[in-house]
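Next come the chains, spelled out residue by residue.
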Amino acid sequence: MTTDALVIAGRAFASRLIVGTGKYPSHAVMQAAHVAAGVEMVTVAVRRVDLAAKGEASLLSWIDRSKIFLLPNTAGCYTADDAVRTARLGREAGLSNWVKLEVIGDERTLFPDNEALIAATRELVKEGFVVLPYTNDDPVACRKLEDAGAAAVMPLGAPIGSGLGIQNPNNLSIIIEHSRVPVIVDAGVGTASDAAIAMELGADGVLMNTAIAGATDPAMMASAMKHSVQAGRLAFLAGRIGRRRYASASSPVDGLIAPKTA
Amino acid sequence: MQIVLNGDRREVAGPRSVKALLEDLGIDARLVAVELNRLVVKRDRHAETMVTEGAEVEIVAFVGGGCLNPGRPTPGDRPSRRARCAKVNS
């Protein structure tokens, strides 16, 4: 394990990239992308079994659970009650008490319903879950989620599946500055530079699905994301230079063969 | 007897245990989670837990998904809203 691990609820992950399992052209393509991304955690949805489709290959047979931790999610839930029920079913199906909690409040933007999200977080924490709520890039909402017992907060970079990149770096910076739990930027990433920007801001990790699954070459994009998350993390740790409006020469000004005359 | 299975009314022989119901449906219990009348039935209680007339049963499994609504129903999901949502996502 590297010394710069992502630690959530006492569990360490060497990779700071978390990816989804939806929208891939096939399970084989998904598996190749997971390998290329070097992920140690993937998120999966909980849905009714299709009783008509017998012998459908299980998603789980395409995920190497010796290397990859399963994070059940409550995607598609519109009420706290539905999200709590789905989380309980996810725990039973996956034998893990972790949940990526989503309570959606608007179907066009898929923005979270923060009020219901906080209520569901409180309930699930009480039931012993490790709750990772997907939330708006709102510092106050993130603080309330933290107070409700969330193990990490997952503010969005932009709407789910939009690929718009980090829309409000200032809010994310404020969330990162004040959060006492890990901050995972979840949703909105379109390409590698977006993930790097999130990490340069100081995010502890990035979660994405569509940016990889929807790319022309998902495995290649997964590799790009792996490198961009690492690059962004290193840049954050290295400490970037300050921004200034005018040039600052990087070569010595003394010893020029044609010194500037006054 | 009649039960509501994954949102659909259905005639099954009964009363029977959760374990027997899954076997009748050809479902591998290790790959699913079962809810009976809105409460999760743990795997080690499948054999002793009885499904009776009018029971509401949900059988779920993991499917691909990220932060995305894959467009398949969740327990308690609202059909009209879901239909509109699937349209937006497509």
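I will try to describe carefully the structure that is included in this document.

What counts and how
- Residues numbered from 1 in each chain as written.
- Chains lettered and ligands numbered in written order.
- Predicted model: local features only at pLDDT ≥ 70, side-chain atom pairs only at ≥ 80, totals over all residues.
- Heavy atoms only, no water.
- Helix = DSSP H or I, 4+ residues; strand = E, 2+ residues; numbered from the N terminus.
- Areas by Shrake-Rupley, 256 points an atom, 1.4 Å probe, with all protein chains shown as cover.
- Lys, Arg positive; Asp, Glu negative; His and termini not counted.
- Charge placed at Lys NZ, Arg CZ, Asp CG, Glu CD.
- Phe/Tyr/Trp six-rings, centres within 6.5 Å; stacked < 30°, edge-to-face > 60°.
- Buried < 20%, exposed > 50% of the residue type's maximum accessible area, 1.4 Å probe, protein only.
- Polar contact = N/O pair within 3.5 Å; in protein donor to acceptor, adjacent residues only side chain to side chain.
- Contact = heavy atoms within 4.5 Å.
- Core = buried A, V, L, I, M, F, W, Y, C linked by side-chain atoms within 4.5 Å.
- Expected span 1.5 Å × (residues − 1).

With that settled, the discussion passes to the overall build of chain A. The secondary structure content of chain A amounts to eight helices and 10 strands. Oriented by its inertia axes, the alpha-carbon framework of chain A measures out at about 85 × 40 × 40 Å. Roughly 12,000 Å² of accessible area belongs to chain A as shown, and the carbon and sulfur atoms make up 54% of that amount. Within chain A, the 26 negative side-chain charges are centred at a point lying 3 Å from the centre of the 25 positive side-chain charges.

Our focus in this paragraph is the packing of aromatic side chains. Residue and element names in this part refer to chain A. The full count for this structure, using the stated rule, is three aromatic pairs over all chains. Judged by centre distance (6.0 Å) and plane angle (75°), the ring pair of Phe13 and Trp98 falls under edge-to-face. On the criterion of sequence distance, the pair formed by Phe13 in strand β2 (residues 11-13) and Trp98 in strand β6 (residues 98-101) is long-range, its members being 85 residues apart. Under the relative-accessibility criterion, Trp98 is labelled buried at 6%. Seen in terms of ring centroids, Phe69 and Trp98 are 4.9 Å apart; in terms of plane orientation they differ by 75°. Their pairing is edge-to-face. One end of the pair, Phe69, is in strand β5 (residues 69-73); the other, Trp98, is in strand β6, with 29 residues separating them in the sequence. Put simply, the rings of Phe13, Phe69 and Trp98 touch in pairs and so form one group of aromatic residues.

Residues and elements named next belong to chain B. Note on placement: His46 falls in the loop between β5 (39-41) and β6 (50-51). Within polar-contact distance, the side chain of His46 engages the backbone oxygen of Val41 at 3.4 Å. When residues no more than four places from it in sequence are discounted, the contact partners of His46 are Ser17, Val18, Lys19, Leu22, Ala29, Val34 and Val41.

Residues A:Leu17, A:Ile63, A:Leu124, A:Met208, A:Ile212, A:Met225 and B:Phe62 are the most contacted members of the largest nonpolar core, which totals 62 residues. Beyond its immediate sequence surroundings of up to four residues, B:Phe62 is in contact with A:Val44, A:Ala45, A:Val46, A:Leu59, A:Leu60, A:Leu70, A:Pro72, A:Gly90, A:Ala93 and A:Gly94. Counting 19 residues, the second largest nonpolar core, distinct from the first, contains A:Val49, B:Leu36, B:Val41 and B:Ile59.

Residue and element names in this part refer to chain A. A rise of 1.5 Å per residue sets the reference length of helix α3 (residues 114-126), with its 13 residues, at 18 Å; its end C-alpha atoms lie 18 Å apart and thus fit the reference within 8%. Along α3, the positions that sit buried rather than exposed are Asn114, Ala116, Leu117, Ile118, Ala120, Thr121 and Leu124. Here the buried face of α3 lies against α2 (80-94), β6, β7 (130-135) and α4 (139-147). Among the residues trailing α3, Gly128 stands out with phi positive, at a value near 90°.

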